[in-house]
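# Structure assessment
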Amino acid sequence: MTLGLKITNVSKTWNPDGPEPVPAVRNLTLDVELGEFVVLLGPSGCGKSSLLYIVAGLEDATEGSVTFDGLEVAEPSPERSLIFQEAALYPWLTVRDNITFGLKIAGQSPKKQEESAERLLRLVGLVGAGDKRPHELSGGMRQRAALARALAMEPKVLLMDEPFAALDIQTRARMQGHLLNIWESSKASVLLVTHSIEEALALADRVVVFTARPGQIKAEIPISAPRPRDMRSPEMIDLAIQCEALLAEEVEKSFKEQEQELA
Amino acid sequence: MTDKTIGAPVTQSKWNSVFKKLLTRLEPTLWVFASLSIFVGLWEFAWWWGWANPLLLPPPHIFLANLTDQFRFFDPGGTRAGALATGGSIFSVLGVIAWSSFRVTAGLVLGFTLSLAIGIGIRYFKVFGKLMLPLVTMLAPISPVAWLPVAVFIFGIGNPPAIFLVFIAIFFIMTLATLSQIDNVPAHYIQLARIMGCNKRQIYRHVILPAILPELFVTLRMNLFAAWMVVLIAEAVGVGSGLGQVTMMARNTFNASLVFFTMTLIGITGFAFDQALRYVQRKVLWWVGPSSVGGL
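This report concerns the structure included in the present document.

The rules behind each value
Residues numbered from 1 in each chain as written. Chains lettered and ligands numbered in written order. Predicted model: local features only at pLDDT ≥ 70, side-chain atom pairs only at ≥ 80, totals over all residues. Heavy atoms only, no water. Helix = DSSP H or I, 4+ residues; strand = E, 2+ residues; numbered from the N terminus. Rg over C-alpha atoms; globule rule 2.2 N^0.38 Å. Contact = heavy atoms within 4.5 Å. Areas by Shrake-Rupley, 256 points an atom, 1.4 Å probe, with all protein chains shown as cover. Buried < 20%, exposed > 50% of the residue type's maximum accessible area, 1.4 Å probe, protein only. Pairing = 2+ DSSP bridges. Axes fitted to C-alpha atoms, helices over the stretch in contact; angles between N-to-C directions. Buried area = accessible area lost by both parts, 1.4 Å probe. Salt bridge = Lys/Arg side-chain N within 4 Å of Asp/Glu carboxyl O. Polar contact = N/O pair within 3.5 Å; in protein donor to acceptor, adjacent residues only side chain to side chain. Nonpolar A, V, L, I, M, F, W, Y, C, P; charged D, E, K, R; others polar. Patch = residues over 30% accessible without salt bridge, like charges linked within 9 Å, V, L, I, M, F, W, Y side chains within 5 Å. Left-handed = near helix turned anticlockwise from the far one by under 90°. 1 Å grid on protein atoms, 1.4 Å probe; cavity = no way out; pocket = protein on both sides within 12 Å on 5 of 7 lines; lining within 4 Å. Points joined across faces, edges and corners; volume = space filled by probe spheres on them. Phe/Tyr/Trp six-rings, centres within 6.5 Å; stacked < 30°, edge-to-face > 60°. Lys NZ or Arg CZ within 6 Å of the ring centre and 35° of its normal.

### Regarding the overall build of chain A
- Counting secondary structure elements, chain A contains eight helices and ten strands.
- Relative to a compact globule of 263 residues, whose C-alpha radius of gyration would be 18 Å, chain A shows 19 Å and is just as compact.
- Considering only C-alpha atoms, chain A reaches an extent of 60 × 45 × 40 Å along its principal axes.
- Taking all contacts inside chain A whose residues are at least 6 apart in sequence as the whole, residues at least 24 apart take part in 69%.
- As presented, chain A carries roughly 12,500 Å² of accessible surface, and 51% of it is formed by carbon and sulfur atoms.

### A closer look at the overall build of chain B
- Along chain B, the regular secondary structure elements total twelve helices and zero strands.
- Relative to its 296 residues, chain B shows a buried fraction of 43%.
- Sequence-distant contacts in chain B: of pairs separated by 6 or more residues, those separated by 24 or more amount to 67%.
- Surface summary for chain B: the accessible area is close to 16,500 Å², and the carbon and sulfur share equals 72%.

### A few points about the pairing of strand β1 (residues 5–14) of chain A
Residue and element names in this part refer to chain A.
- Relative to strand β2 (residues 22–32), β1 runs antiparallel, the two being bridged by seven bridges. The residue bridging Val 10 from the neighbouring strand is Leu 28, located in β2.
- In this sheet, strand β4 (residues 63–68) lies alongside β1 in antiparallel orientation, the contact comprising five bridges. Opposite Lys 6, over in β4, you have Thr 67 as the bridge partner.

### Some remarks on the sheet that holds strand β9 (residues 206–210) of chain A
All names here are of chain A.
- Read from one edge of the open sheet, six strands run β6-β7-β8-β3-β9-β10, paired in mixed fashion. On the outer flanks of this sheet lie β6 (80–83) and β10 (217–222), each paired with one strand and no other. Looking at each pair of strands side by side, their axes are set apart by 15 degrees on average, direction ignored.
- Bridge count for strand β3 (residues 37–41) against β9 is four bridges, and the pairing is parallel. Bridging across to β9, Val 39 finds its partner in Val 207.
- Sheet strands in contact with helix α5 (residues 139–152) are β6 and β7 (157–161), and its direction is about 170 degrees off that of β6.

### Overview of the pairing of strand β8 (residues 189–194) of chain A
All names here are of chain A.
- Buried residues dominate β8, accounting for six of its six residues.
- Residues Ser 189, Leu 191 and Val 193 of β8 are buried on one face, and the alternating residues Val 190, Leu 192 and Thr 194, pointing to the opposite face, are buried as well.
- Sheet analysis places β3 next to β8, joined by five bridges and oriented parallel. What sits directly across from Phe 37, in β8, is Val 190.

### Focus on the interface of chain A and chain B
- With 27 residues of chain A at the interface, the matching set in chain B holds 17 residues.
- Between chain A and chain B, roughly 2,100 Å² of surface is buried when both sides are summed, and carbon and sulfur atoms account for 70% of that area.
- Counting every contact that joins chain A to chain B gives zero salt bridges.
- At the junction of chain A and chain B, the tally comes to three residue pairs in polar contact (both at pLDDT 80 or more).
- Residue assignment for the side of chain A that touches chain B shows that the elements contributing at least two residues are β6 and α3 (101–105) of chain A.
- Top contributing element to the side of chain A that touches chain B by residue count: α3(A), with four residues.
- For the side of chain A that touches chain B, the per-class residue count stands at 16 nonpolar, six polar and five charged.

### Here's the deal with the sheet that holds β1(A)
Residue and element names in this part refer to chain A.
- Taken together, the four strands give an open sheet; going across it, the order is β2-β1-β4-β5, and neighbouring strands pair in antiparallel fashion. Of all strands in the sheet, those with a lone pairing partner are β2 and β5 (71–72), marking the two edges.
- The strands touched by helix α1 (residues 48–56) are β1, β2 and β4; relative to β1, the strand with the most contacts, the crossing angle is about 120 degrees.

### Points about a nonpolar patch on the surface
- A contiguous nonpolar patch, built from B:Phe19, B:Leu22, B:Leu23, B:Leu26 and B:Leu30 and spanning about 490 Å² of accessible area, is present on the exposed surface.
- Relative to the elements of secondary structure, B:Leu26 occurs in helix α1 (residues 10–49).

### A word on the packing of helix α4 (residues 90–124) of chain B against helix α9 (residues 200–239) of chain B
All names here are of chain B.
- Where α4 contacts α9, the two axes come as close as 7 Å, and the packing angle between them is 140 degrees. Note that α4 runs across α9; the crossing there is right-handed.
- Residue classes in the contact of α4 with α9 are distributed as 18 nonpolar, two polar and five charged.

### Thoughts on the layout of surface pockets
Residues and elements named next belong to chain B.
- The computed volume of the largest pocket comes to approximately 470 Å³.
- For the lining of the largest pocket, the secondary structure elements donating two or more residues are α1, α2 (60–63) and α11 (256–284).
- At six residues, α11 tops the list of elements feeding residues into the lining of the largest pocket.
- Class assignment of the residues belonging to the lining of the largest pocket gives a composition of twelve nonpolar, two polar and no charged.

### A look at the packing of aromatic side chains
- Across all of its chains, the model carries 27 aromatic pairs over all chains by this definition.
- Residues A:Tyr53 and A:Phe84 carry aromatic rings whose centres are separated by 6.4 Å and whose planes lie at 55 degrees to one another, so their mutual orientation is tilted. With A:Tyr53 in helix α1 and A:Phe84 in the loop between β6 and α2 (95–99), this pair connects stretches of sequence that are 31 residues apart. There is no split in this pair, since A:Tyr53 and A:Phe84 are both buried.
- Arranged with centres 5.6 Å apart and planes meeting at 40 degrees, the rings of B:Trp48 and B:Trp49 form a pair that is tilted.
- B:Trp48 sits in the exposed class, given a relative accessible area of 60%.
- Of note, A:Lys12 hangs over the ring of A:Trp14, and the distance from its end group to the ring centre comes to 4.7 Å.
- Over the aromatic face of A:Tyr90 sits the side chain of A:Arg149, whose NZ or CZ is 5.6 Å from the ring centroid.

### Notes on empty space enclosed by the protein
All names here are of chain A.
- The final tally for this structure, using the stated rule, is one cavity of 30 Å³ or more.
- By volume, the largest cavity is sized at about 60 Å³.
- Listing elements by their share of the lining of the largest cavity, those giving two or more residues are β6 and α5.
- Examining the composition of the lining of the largest cavity, we find that four residues originate from one element, α5, more than from any other.
- A class-by-class count of the residues in the lining of the largest cavity yields eight nonpolar, two polar and one charged.

### Side note on the environment of A:Pro16
- Note on placement: A:Pro16 falls in the loop between β1 and β2.
- Linking A:Pro16 and A:Glu257, residues 241 residues apart in sequence, is a C-alpha distance of 20 Å.

Dropping the structure here:
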């Protein structure tokens, strides 16, 4: 049995029987090892998010297979938790009740829920915000609450769909540091989607660069530098230039394609 | 924002702030009075100038002048057209208002709960939905007034036909509103619930229901006025008591003063109902920000 996430020859076409089927991902193979931090980097609309939804079990792959710890992924499960760009906290629940929502569904005792909530609030730096309502929090705090909600289910892999894209740059950097700390202590794998080169380089054990739609893997760049990484070191600048060149080609391609579609 | 009036005596600025607070609290009420005053003022002016015949369009100072005289026509038990009622005190007036309010409230509660249940049922059970939806959509455009004879055939005279009409007035609209609200629940809410292990029933109970309630309450409030209009028609024709019956009697006896007096009561009661629903909405649906409660 192979542990971790195995994506084998996965293709996804949206609206396959319609007049204009949209191929999102084509023939993609990718493994994420236990505890590995993998970042998917690619131009907007290249099918990265589609891949996350398939791994989460929210969408079926048109072809190919996804297995997790040797088992076929068919249904969503708390062990593969998904975090969106917007926190999507339930506005009718307090922050604490949002965090323990999954535990309550799982039938955990109120006392245990309470303990988990306090531990997680401390972990994500939201002590004292438990009784607040989501709309009273800032964007960064909301995203931390969403992270706590995902962690409450003790996921084996965190799927993150541009989780910090809606935050300002300063908050973003803080959140990235935060995420790294949590990742190191939780030993979960992370599969994070972004279009920011800097974010990819700051976080990843391995950056997977996507092509324009339909998404395929263009390059894989392992990064062994210890964290926190200095983005101004020669090594990082080299990597950034490399990524930029790879991305630029794809952005160019997708622009040309769009022009042709319009013409 | 801090108020820094440098050099101003402390006591004065304190009084200032108290006055300001009072003003901001009273402001909505003041606007209500200003709005009413314009309307009443124009009416009184029209009378004074001789445009409005006081027999047909008696201005407020006439129809509100002799209250005890008006009160005589109010009998919570109902009266035959033209006959003077046994009423005559403010309590009989309140009694009449209470009966109409009861019919509206009963109809609203029934309509709201049943439309919610049916709406959720249509989306939850596929076959039930396919069978119900065409029916609901076809019955929705039929005016409640058209249901009036049906209501009398089924329920006879009394409270039930009036309650039934209020129910009809909101049920179909609220059912369709429930459906559109369910369809507009953010996909992420449901996806997250699935990831966290919710089955279908749990998704409806813990995510969809709380997500759709606030907007449905707004829809209910908007249909409150339709409910009031319908109850008056029902009372005029099929009940024999209540504000609608008084209006009908006033019409039959050509008593313009009474017509306008009753209309005033209806307006005030409707306004109070809206305020009450708003209050309930704020208390029960605490997660809705004040901005989406809107209005006064």
